[in-house]
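# Structural overview
Listed here are the chains, written in short residue letters.
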Amino acid sequence: MAFDHTSPAATWPFETLVAVLLKQFRRPLAAQGLDLSDADAQAIARDAAARRAPGEPAQAAVAALAAIIAESEAVLAGWELSFRESLAAGMDAIPGWHSTAEFLEIANEKANAEIRIGAGAALLAALGDLHRAQYLFDLIEYNPDEVEAIIARRVLLFLSGLDDGAPDWLARARAWVESARGE
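Residues numbered from 1 in each chain as written. Predicted model: local features only at pLDDT ≥ 70, side-chain atom pairs only at ≥ 80, totals over all residues. Heavy atoms only, no water.

Right, let's get into the confidence of the model for the protein. Low-pLDDT stretches of the model should not have their predicted coordinates read in fine detail. Of the residues in the protein, 97% have a pLDDT of 70 or more, and the chain-wide mean is 92. Element-level mean pLDDT values for the protein span from 86 in helix α1 (residues 8-11) up to 97 in helix α8 (residues 134-142). (pLDDT = per-residue confidence, 0-100. Helix = DSSP H or I, 4+ residues; strand = E, 2+ residues; numbered from the N terminus.)

Okay, here's the thing in structure tokens:
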């Protein structure tokens, strides 16, 4: 499985990665009633990187991210797709478009839902919520070179403490997630 070490997401310090993701989610978080300042995002990222228990702003971010992911899951469910199925589905499998404009609108909606689910699941995991960690594995297994998969890999490696070069890291990360969730 290839890993693009040249992507900024592959090389940023974990704190920077989390802060950047939080900033990218600023508008969706605000739509959920959570306005995070740069200082808030940085403090949450610092706590995540230090593996400290989430404080009140991070707990609010977890709740808002869960709602954002649920909305995006509903978008995909409207096409009778799971996240994993959506990653593999081409636009020919998505109904409801007849014109170029409709195609572009639906393609954008699908892509946004996938990005919000994948990046949102990575943020949730970084903030201590592993309930949607399967989405991280889906990203990595579907296309390990995409930015969202690189982020998923970074989060799983950081949280589990596994070595990036281990040939069986993915299976071990899955076992770690199951253990951390008490499965």
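This paragraph deals with the pattern of salt bridges. All told, the structure shown has nine salt bridges when counted by the stated rule. In this structure, E15 engages R46 in a salt bridge whose closest nitrogen and oxygen atoms are separated by 4.0 Å. Of this pair, E15 sits in helix α2 (residues 14-24) while R46 is found in helix α4 (residues 38-49), placing the two residues 31 residues apart along the sequence. With a relative accessible area of 39%, R46 lands in the partly exposed category. When the shortest N-O distance is used, the salt bridge between E141 and R174 registers 2.4 Å. In this pair, E141 is assigned in helix α8 and R174 in helix α10 (residues 169-180), connecting sequence segments 33 residues apart. For E141, a relative accessible area of 33% corresponds to the partly exposed category. (Salt bridge = Lys/Arg side-chain N within 4 Å of Asp/Glu carboxyl O. Buried < 20%, exposed > 50% of the residue type's maximum accessible area, 1.4 Å probe, protein only.)

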